[in-house]
Amino acid sequence: MSRIGKLPVHLPAGVTVEVLDGNVVKVKGPLGTLSQKVDSDITVAVEGTEVKLSRPTDAPRHRSLHGLYRALIHNMVVGVSEGFTIQQELVGVGYRVEAQGQMLIFSLGYSHDIQLLLPEEIKAEAAAVKKGQNPVLVLKSCDKQLVGQVAAKIRSFRKPEPYKGKGIKFVGEQLRRKAGKSASAK
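Residues numbered from 1 in each chain as written. Predicted model: local features only at pLDDT ≥ 70, side-chain atom pairs only at ≥ 80, totals over all residues. Heavy atoms only, no water.

Caption draft 1: Representation of the sheet that holds strand β1 (residues 9-10). The antiparallel open sheet is built from 3 strands, whose spatial order is β1-β6-β5. Strand pairing shows two members of the sheet lacking a second neighbour, β1 and β5 (43-47), which therefore form its edges. Two strands pair when backbone bridges link them, and β5 and strand β6 (residues 50-54) are joined in this way by 5 bridges, in the antiparallel orientation. Looking at the pairing, T43 lines up with S54 of β6. Seen against the sheet, helix α1 (residues 60-81) touches β1, β5 and β6 and runs at an angle of roughly 160° to β6. (Pairing = 2+ DSSP bridges. Helix = DSSP H or I, 4+ residues; strand = E, 2+ residues; numbered from the N terminus. Contact = heavy atoms within 4.5 Å. Axes fitted to C-alpha atoms, helices over the stretch in contact; angles between N-to-C directions.)

The following block contains the structure:
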């Protein structure tokens, strides 16, 4: 049995799960509604306050799908009940971010500003910057896949470089730093 797949998904108060036609799992909660199509070989059963998944055989394909769909359903349940938050820090002189509704405007040292329109499911806020601190962008959503994809897209605008560490990094991320040039002894 898959160690992940055999674990039941516990449903907190206020979260409901339905299995619709075509093996589509729909999860409703206080923060929103998410749905995921599950492979037809995997059986999804809602039993009281738990969701259990089972597979027909021990074939490698069924074993991998078993754990995958259990993890996806678990992420949906956590998303609609608690939500997911990603914080990104802009490290560099003059690097700024401004949130205007669903539009983010970045000033990252290029000759132009970068504008990004966020999907409706994501809420963004630029934390107030105190003197001597780097700007922080906070992304919140109930969809873990979507918020992670948007955070990766934002990071790709200016990846952290290994010498000074300038760029967009996740809060708490440890960067691999390199030593700069050293004067040779003559």
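Now that the structure has been shown, we can carry on.
Caption draft 2: Molecular detail of the environment of S40. With respect to the helices and strands, the residue S40 is situated in the loop between β4 (32-37) and β5. Once the C-alpha coordinates of S40 and V24 are considered, the two residues, 16 residues apart in sequence, prove to be 9.4 Å apart.

Caption draft 3: How the structure looks around the packing of aromatic side chains. Evaluated as defined, the whole model comprises 1 aromatic pair. Aromatic pair F106 and F157: ring centres 5.6 Å apart, planes at 65°, arrangement edge-to-face. Pair noted here: F106 is in strand β9 (residues 103-107) and F157 is in the loop between α2 (144-156) and β13 (167-170), with a separation of 51 residues, a long-range link. With respect to burial, F106 and F157 carry one shared label: buried. Positioned over the ring face of Y110 is R158, at 4.2 Å from the centre of the ring. (Phe/Tyr/Trp six-rings, centres within 6.5 Å; stacked < 30°, edge-to-face > 60°. Buried < 20%, exposed > 50% of the residue type's maximum accessible area, 1.4 Å probe, protein only. Lys NZ or Arg CZ within 6 Å of the ring centre and 35° of its normal.)

Caption draft 4: Seen up close, the pattern of salt bridges. Within this structure, the stated rule accounts for 7 salt bridges. Among the salt bridges present, the one from K52 reaches E50, with a minimum N-O distance of 3.9 Å. The class for K52 is partly exposed, based on a relative accessible area of 37%. For E89, the salt bridge identified is with K169, shortest N-O distance 3.8 Å. One end of the pair, E89, is in strand β7 (residues 84-91); the other, K169, is in strand β13, with 80 residues separating them in the sequence. Of the two residues, E89 and K169, neither departs from the other in class, the shared state being buried. A single salt-bridge network, built from bridges that share partners, covers D39, D41 and R61. (Salt bridge = Lys/Arg side-chain N within 4 Å of Asp/Glu carboxyl O.)

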